Amino acid sequence: MEKTMNKKAWIGLLGMSMAVSLLTSCYDDKGNYDYISEDEAAKVVLGSLEGTTVKANEVLHITPDIKGDDNGKFSYLWYTLTDADYDVKRDTLSQERELNVPINLKEGKYYLYYKVTNEENGVFRSVSAPLTVTATDVTSGWYVMKEIEGGVDFDYHSLSGKSDKQNFLTASLGMSPLAGTPVGMLYQQGDYGNETVNPDGTTTKEDGLSALHVMTNKDYITLNASDFSLLKDLQSQFYEEPEKVNFTCLFEHEFMGKNLINDGDVHLMGSTIGKWGYKLAGDFKLDSHIAQGYYGIYGYDYKNNRVIGYDAFEGAFADVSDMSGTPSTELQDSNMVVNNLVPHKSGFSADFYLICKSGNTGKCYVSQYSFFINYLMSLDYFEMPSSSLLMKATIMAAPEIASVIYFADGNKLYMHRIATGEDRLVKTFAEGENISFIKNVSGTEADESSFNDIVVITNATVGYNVYRFPLVGSAGELNTDVQPAMTGTGKASYLMFRQE
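Description of the structure in this document. This structure is a prediction, so every number in the text was calculated from the model and none was measured.

1. Side note on a nonpolar patch on the surface
Move 1: A cluster of nonpolar side chains, contributed by Phe 255, Tyr 295, Phe 348, Phe 372, Ile 373, Tyr 375 and Met 377, occupies part of the molecular surface with about 680 Å² of accessible area.
Move 2: When you line up the elements, Phe 372 lands in strand E26 (residues 364-372).
Move 3: When its relative accessible area of 33% is taken as the criterion, Phe 372 is described as partly exposed.

Put into structure tokens, the structure is as follows:
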């Protein structure tokens with residue numbers, strides 16, 4: 001028994017001796033391995049980042065404090081993490097050594113990270129700092145929609161001229177151009193609601209947002225006007241998306257809210273989550289132009305060849321009546337052809353013109369409709385020569401202060417006097433500089449002075465020009481001795497003036 005115990009003890013001592021020997025061998029064998037610090041492996045040294053505040057969509061330029069990357073292969077990464085206790089999101093900003101990109105982030109607080117990786121061994125160094133994103137300075141000013149290669153974008157021209165943006169959707173926001181051709185824009189201040197479905201299936205609702213709607217004939221997006229994050233794309237605009245998309249008009253009425261016309265049908269926006277409802281009931285197809293009064297909306301129904309108005313009590317467009325209750329929306333004859341509807345006055349009453357031709361007599365007219373509340377007060381027909389260039393014009397506008405219509409014929413701007421039927425040439429632009437848009441715009445300049453201009457967009461091979469012709473007096477005369485107020489690339493055909 002004793003001998004057996006001695007044998008076991010001997011085996012145990014031998015095992016311990018071998019283990020110590022192996023450990024000593026590994027510890028002493030420095031010649032078989034290279035031991036370097038992480039700093040030596042990374043080969044770069046990064047200085048600290050400073051906390052930064054930037055406006056949404058402004059370019060943030062940071063030259064990092066970095067040493068040691070002159071030799072070797074390195075990759076660079078700038079990214080942000082949301083400053084939140086949950087639902088943390090990561091956004092990659094750039095993969096360049098220096099940061100020089102627009103910050104397309106929503107308003108809020110973030111952490112900005114800079115990571116440099118040694119591609120030879122995968123060792124990296126990173127630094128971080130707080131980043132605050134505030135509201136954009138793309139606010140009051142001129143928004144010009146235009147066609148570019150691949151679709152539709154818009155330029156922003158600020159009142160001060162110090163924060164202009166070219167190709168805002170593609171260059172500043174990094175979006176793709178919208179499909180189709182320009183139709184319109186609408187700024188909605190402080191009463192837009194939006195719902196977002198979270199990854200866990202819950203819904204987050206935001207109220208009181210300001211929104212910018214951008215519409216083409218085939219596409220439509222809604223942006224948050226504070227930071228220009230995307231609120232809705234075409235697929236999320238409607239409770240039920242129309243079978244056919246052919247947008248022609250986007251407008252807002254003081255009492256009846258936001259409206260759009262799609263393929264002749266009218267949709268109203270819901271008041272809670274910013275979605276468009278089903279098309280309004282009624283047997284009609286509306287033209288793309290709308291006239292507004294304090295109590296009503298009026299348009300031309302090209303399906304039934306009549307003028308109709310919106311009845312808020314019925315929630316539909318229908319015939320309107322004169323003060324005696326007799327329907328008074330029929331045209332002069334059942335075969336009359338309407339070329340255009342031109343809004344004139346949009347205050348307490350609503351006035352507009354129809355450019356039309358009798359199918360029975362062949363005579364041409366400007367018919368003037370005047371409404372008070374929802375009743376037709378007067379309807380006058382002003383005959384004009386059948387040779388009038390106004391009859392074939394498609395681009396036109398009327399000011400509120402004068403009974404005239406401005407219209408385009410190629411590179412020529414004309415004024416048609418309603419009472420006399422006379423066409424008068426106002427201005428001839430350069431050869432090949434053709435007119436694509438006319439509108440009467442009034443508002444306040446950066447220095448708080450007021451203006452009332454006829455705004456004209458022209459296009460040439462080199463890009464577009466925007467002219468602002470001040471109205472002189474009350475007869476519709478214009479001061480055309482001015483240079484272009486705005487210029488840009490692409491083919492422009494719509495303009496919106498936004499006043500905060």
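2. Side note on the pattern of salt bridges
Move 1: For the structure shown, the criterion picks out 16 salt bridges.
Move 2: Arg 97 serves as the salt-bridge partner of Asp 69, at 2.8 Å between the closest nitrogen and oxygen. With Asp 69 in the loop between strand E4 (66-67) and strand E5 (74-82) and Arg 97 in the loop between strand E6 (90-94) and strand E7 (99-102), the pair connects residues that are 28 residues apart, well separated along the chain.
Move 3: A relative accessible area of 31% means that Arg 97 is categorised as partly exposed.
Move 4: With a shortest N-O distance of 2.8 Å, Arg 424 and Glu 477 are connected by a salt bridge.

3. Here we look at the nonpolar core
Move 1: Of all hydrophobic cores here, the largest spans 33 residues; its most connected members are Phe 154, Met 185 and Leu 212.
Move 2: Setting aside anything within four residues of it in sequence, one finds Met 185 in contact with Tyr 143, Met 145, Phe 154, Leu 212, His 213, Val 214, Leu 250, Tyr 494 and Met 496.
Move 3: If you look at the next biggest cluster of nonpolar residues, it comprises 25 residues, including Ala 42, Ile 66, Val 101 and Val 116.

4. Here we look at the sheet that holds strand E16 (residues 247-253)
Move 1: Reading across from one edge, E16-E17-E18 is the order of the three strands in this open sheet, with antiparallel pairing throughout. Because the sheet does not close on itself, it has two edges, and the strands there are E16 and strand E18 (265-268). Pairs of neighbouring strands in the sheet enclose a mean axial angle of 20 degrees, with direction left out of account.

5. Comments concerning the sheet that holds strand E37 (residues 491-498)
Move 1: Read from one edge of the open sheet, three strands run E11-E10-E37, paired in antiparallel fashion. For this open sheet the edge positions go to strand E11 (151-158) and E37, each flanked by a neighbour on one side alone. Across the sheet, the axes of successive neighbouring strands diverge by a mean angle of 25 degrees, strand direction being ignored.
Move 2: The sheet contact formed by strand E10 (residues 141-148) and E37 spans seven bridges and is antiparallel. Paired with Lys 146 across the strands is Ala 492, a residue of E37.

6. Thoughts on the pairing of strand E33 (residues 450-460)
Move 1: Most of E33 is tucked away: eight of the 11 residues are buried.
Move 2: Judged from the 10 bridges that link them, strand E32 (residues 434-444) and E33 form a sheet pairing that is antiparallel. Pairing of Asn 434 across the sheet is with Asn 459, part of E33.
Move 3: Direction of pairing for E33 relative to strand E34 (residues 463-472): antiparallel, over a ladder of eight bridges. Among the inter-strand pairings, Ile 457 is bridged to a residue of E34, identified as Val 466.
Move 4: The turn joining E33 and E34, which pair antiparallel and follow one another in sequence, is formed by two residues.

7. Details of the environment of Gly 264
Move 1: For Gly 264, the location among the structural elements is in the loop between strand E17 (257-262) and E18.
Move 2: Distance from Gly 264 to Thr 248, taken between C-alpha atoms, is 7.9 Å for residues 16 residues apart in sequence.
Move 3: What Gly 264 contacts, discounting residues up to four positions off in sequence, is Phe 284, Lys 285, Leu 286 and Tyr 302.

8. Observations concerning the environment of Val 455
Move 1: Along the polypeptide, Val 455 turns up in strand E33.
Move 2: As a C-alpha pair, Val 455 and Arg 468 span 13 residues in sequence and 4.7 Å in three-dimensional space.
Move 3: If we skip the residues at most four places from it in the chain, Val 455 touches Trp 142, Phe 437, Ile 438, Lys 439, Val 441, Val 466, Tyr 467, Arg 468 and Leu 495.

9. Observations regarding unusual backbone geometry
Move 1: Not every positive phi belongs to a glycine, and Phe 228 is a case in point at roughly 60 degrees.
Move 2: Turning to its location among the elements, Phe 228 is positioned in the loop between strand E14 (220-224) and strand E15 (230-232).
Move 3: For Phe 228, a relative accessible area of 3% puts it in the buried group.
Move 4: Residue Glu 448 is not a glycine yet carries a positive backbone phi of 75 degrees.
Move 5: In this structure, Glu 448 sits in the loop between E32 and E33.

Conventions adopted
Residues numbered from 1 in each chain as written. Predicted model: local features only at pLDDT ≥ 70, side-chain atom pairs only at ≥ 80, totals over all residues. Heavy atoms only, no water. Patch = residues over 30% accessible without salt bridge, like charges linked within 9 Å, V, L, I, M, F, W, Y side chains within 5 Å. Areas by Shrake-Rupley, 256 points an atom, 1.4 Å probe, with all protein chains shown as cover. Salt bridge = Lys/Arg side-chain N within 4 Å of Asp/Glu carboxyl O. Helix = DSSP H or I, 4+ residues; strand = E, 2+ residues; numbered from the N terminus. Buried < 20%, exposed > 50% of the residue type's maximum accessible area, 1.4 Å probe, protein only. Core = buried A, V, L, I, M, F, W, Y, C linked by side-chain atoms within 4.5 Å. Contact = heavy atoms within 4.5 Å. Pairing = 2+ DSSP bridges. Axes fitted to C-alpha atoms, helices over the stretch in contact; angles between N-to-C directions.

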